[in-house]
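Here is what each chain is made of, one letter per residue.
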Amino acid sequence: MTRILVTGFQPFGGQQTNPSWEAVRRLPQCISGAEVTKLQIPVAFGRAGDAVCQTIDQQRPDVVLCVGQAGGRAQLTPEFVAINHADARIPDNDGQQPHRQPIVPGGPDAHFATVPVYRMVDALRQASIPASVSYSAGTYVCNDVMYRMLHHLAQETHPAVGGFVHVPFLPEQAAQMRPDTPSMSLDLMVRGLEIALEATLRG
Ligand code: PCA
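A brief structural summary.

## Here we look at the packing of aromatic side chains
Each pair of aromatic rings is reported with the distance of its centres and the angle of its planes.
Thinking step 1. Applying the stated criterion across every chain yields a total of 5 aromatic pairs.
Thinking step 2. Ring centres of Phe-12 and Tyr-140 lie 5.9 Å apart, and the angle between their planes is 35°; on these two criteria the pair is classed as tilted. Taken together, the positions of Phe-12 in the loop between strand E1 (3-9) and helix H1 (19-25) and Tyr-140 in the loop between helix H3 (117-126) and helix H4 (141-154) put the pair 128 residues apart, joining distant regions of the chain. In this structure, Phe-12 and Tyr-140 share a single accessibility class: buried.
Thinking step 3. Ring centres of Phe-45 and Tyr-140 lie 5.5 Å apart, and the angle between their planes is 85°; this geometry places the pair in the edge-to-face category.

Structure, rendered in structure tokens:
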């Protein structure tokens, strides 16, 4: 049976909730006949990526999709690339704040997503869900997790495909912010993640 591992983050940066986990935990147990496992990970450099890699080793999934919040974005954005660079604007939930340093010293400069990011975006737009490919996952914990996960998969002989999707704020978060802050409803995010996974499994 095909297995999918999907992860979402704990809240961070003073927020009460993280839409990534709220959406991930509402995904069905089964998508296109594949079994879905959900994992909540901490907003912590190193520790979050390690938790994902450990779970990959235990569960041997075929698809790994990590999801994170990108406040300020208006669309679902599958990430094209993770770079070997950490530079934190704010401390993570462990109080770590790396500046201008490699994630894996001596590792490749970047890892490209191995999920079909363009096919995901095409499928999402087809379903009238706003989406676009992003060419930067930033330099905070999300990029750290994506890089560590793809680096781990790259060491395997029969690797799973791996990717990362950033989601906008929820309406209740945006309601507390500047008037031009974009948001997306939880229902749309959940449906969008499901469509992105369906598109991946078609590949
Ligand atoms: N977003 C942050 C880390 C956790 C999350 O949900 C990021 O984009 O790096």
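## A look at the pairing of E1
Thinking step 1. In terms of burial, E1 is a largely internal element, 6 of the 7 residues being buried.
Thinking step 2. In this structure, E1 lies alongside strand E4 (residues 63-69), joined through 4 bridges in parallel fashion. Across the sheet, Leu-5 pairs through a bridge with Val-64, a residue of E4.

## Topic: unusual backbone geometry
Excluding glycine, residues mostly have negative phi values, and the peptide bonds linking residues are mostly trans.
Thinking step 1. One non-glycine residue, Ser-32, adopts positive backbone phi at about 50°.
Thinking step 2. Topologically, Ser-32 is positioned in the loop between strand E2 (30-31) and strand E3 (34-41).
Thinking step 3. Positive phi is not limited to glycine here, since Ser-128 has a value of about 65°.
Thinking step 4. By the element assignment, Ser-128 lies in the loop between H3 and H4.
Thinking step 5. A residue is classified by how much of its surface remains accessible, and Ser-128, at 64% relative accessible area, is exposed.

What counts, and where the lines are drawn
- Residues numbered from 1 in each chain as written.
- Predicted model: local features only at pLDDT ≥ 70, side-chain atom pairs only at ≥ 80, totals over all residues.
- Heavy atoms only, no water.
- Phe/Tyr/Trp six-rings, centres within 6.5 Å; stacked < 30°, edge-to-face > 60°.
- Helix = DSSP H or I, 4+ residues; strand = E, 2+ residues; numbered from the N terminus.
- Buried < 20%, exposed > 50% of the residue type's maximum accessible area, 1.4 Å probe, protein only.
- Pairing = 2+ DSSP bridges.

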